[in-house]
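# Topology and contacts: notes
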Amino acid sequence: MAKVIAVANQKGGVGKTTSAVNIAAGLGFQGKKTLLVDVDPQGNATSGVGIDKRGVIATTYDLLVSDKEAQEIVVHTKYNCLDVLPSGIDLAAAEFEMMDMPERANRLKRGLLKIKQNYDYVIIDCPPSLGLITTNALTAADSIIVPIQCEYYALEGLSQLMNTVRRVKRQTNNLLYIEGVLLTMYDGRLNLTQQVVNEVKQYFPKKVFSTVIPRTVRLSEAPSYGMPIMYYDKTNKGAAAYLDLAAEIIKKES
């Protein structure tokens, strides 16, 4: 049965989707059967693995709102051991449509139940908000990865995310835990970077991944080609970092 990990931070520009895509691809690259679940209406994780959003027949909207089976929605990518449940702009209406549904916070968890057995890992790319869709993702997840950028105001808004995590633990998923905090856009040449690292380690003692994600141009370019970084440029230090991170995640389970 798959381990389900949500990648979440409501603050934009922290490398959330880049991390979700490359963690999923990195796990697949290392032979772990992985499902990337895109529940962000922007659908950037979907296009980030080379899937044309205009060509998909069904999306995670159908999983959440119309009870379509996940197996009918899943799309195989051209990358090793990597499938995706795609998203589309119709997902933006899902929060409103789910409001009056019974068990509304459990709809993603229920939708993934039948398909989880086919994978080693399920990685959920959450929307940059703390609404009902993110609550569904955290309810479905075993753990959460929190990407934080190594820049000013890195910890801004994190108390809101932690409040949401506590609420989900209290109401719908008491087993949810923090898998790790991921430092992104790392530049070791800057004094600010080390200040942010120290600040984050104080806020999340013993929860920060040893792998950090560097700021690189190639990492920024890869999504526009629909390619995870380890396929776009395996020699890039961003590719090495995400493969190291995938190995770190796998090692935790051994």
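Here's a quick rundown of the structure. All values reported here derive from a predicted model rather than from experimental measurement. (Residues numbered from 1 in each chain as written. Predicted model: local features only at pLDDT ≥ 70, side-chain atom pairs only at ≥ 80, totals over all residues. Heavy atoms only, no water.)

### Topic: the nonpolar core
Counted only if it meets this: We define a nonpolar core as any set of buried Ala, Val, Leu, Ile, Met, Phe, Trp, Tyr and Cys residues linked to one another through side-chain atoms lying within 4.5 Å. Accessible area is worked out with a 1.4 Å probe on protein chains only. A residue is then buried under 20% of its type maximum, exposed over 50%, and partly exposed in between. The contact definition used throughout considers only heavy atoms, calling two residues in contact when any of these lie within 4.5 Å.
Of all hydrophobic cores here, the largest spans 52 residues; its most connected members are Leu108, Leu112 and Ile124. Aside from chain neighbours lying at most four places away, what touches Ile124 is Val4, Ile5, Ala6, Val7, Val37, Val39, Leu108, Leu112, Ala137 and Ala140. Among the nonpolar cores identified, the runner-up in size contains 35 residues, and Val21, Ile51, Tyr242 and Ala246 belong to it.

### A short note on the layout of surface pockets
In plain terms, the rule: Residues are called lining when one of their atoms sits within 4 Å of a cavity or pocket point, these points coming from a 1 Å grid over the protein atoms alone, where a cavity is a set in which a 1.4 Å probe fits but cannot get out and a pocket is an open set with protein on both sides within 12 Å along at least five of seven lines. Grid points are joined across faces, edges and corners, and a volume is the space filled by probe spheres set on the points. Under the scheme used here, helices are H or I runs from DSSP no shorter than 4 residues and strands are E runs no shorter than 2 residues, and both carry numbers assigned from the N terminus. Each residue is assigned to one class: nonpolar for Ala, Val, Leu, Ile, Met, Phe, Trp, Tyr, Cys and Pro, charged for Asp, Glu, Lys and Arg, and polar for all the others, Gly among them.
Considered as a void within the structure, the largest pocket measures approximately 500 Å³ in volume. Broken down by secondary-structure element, the contributors of at least two residues to the lining of the largest pocket are α1 (16–29), α2 (44–48) and α10 (217–221). In terms of residue class, the lining of the largest pocket is built from twelve nonpolar, twelve polar and four charged. In this structure, the second largest pocket occupies an estimated 160 Å³ of space. Forming the boundary of the second largest pocket are Leu63, Asp67, Lys68, Glu69, Ala70, Arg107, Arg110, Gly111 and Lys114.

### Concerning the packing of helix α7 (residues 132–140) against helix α8 (residues 158–171)
Rules: Here the axes come from fitting lines to C-alpha atoms, over the contacting stretch only for helices, and the angles between their N-to-C directions go from 0 to 180 degrees. Between 65 and 115 degrees an angle is taken as roughly perpendicular, under 35 as roughly parallel, over 145 as roughly antiparallel, and anywhere else as oblique. Crossings are assigned a handedness: left-handed for a near helix turned anticlockwise from the far helix by less than a right angle, right-handed for a clockwise turn.
Contact pair α7 / α8: the axes reach a minimum separation of 10 Å and the direction vectors enclose 55°. With respect to their mutual orientation, α7 and α8 come out oblique. As α7 packs across α8, the resulting crossing turns out to be right-handed. Contacts from Thr135, Leu138 and Thr139 in α7 reach Thr164, Val165, Arg167 and Val168 in α8. Each residue belonging to the contact of α7 with α8 can be placed in one class, and the counts come to three nonpolar, three polar and one charged.

### A look at the pairing of strand β7 (residues 177–184)
Note the threshold: Two strands qualify as a pair provided that DSSP identifies no fewer than 2 bridges between them. Whether a crossover is right-handed comes down to one check: with the strands pointing away from the viewer, does the path from the first strand over the helix to the second run clockwise; if it does, it is right-handed.
The buried fraction of β7 is high, at seven of eight residues. Across seven bridges, the pairing between strand β6 (residues 143–149) and β7 is parallel. Residue pairing for β7: Val146 is matched across the bridge by Val181. Once you follow β6 into α8 and on to β7, the crossover reads as right-handed.

### Quick word on the pairing of strand β2 (residues 34–38)
A large share of β2 lies buried, amounting to five of its five residues. Residue alternation in β2 divides its side chains into two sets, Thr34, Leu36 and Asp38 and Leu35 and Val37, and both sets are buried. Here β2 runs beside strand β4 (residues 82–85); their pairing, made up of four bridges, is parallel. The residue bridging Leu36 from the neighbouring strand is Val84, located in β4.

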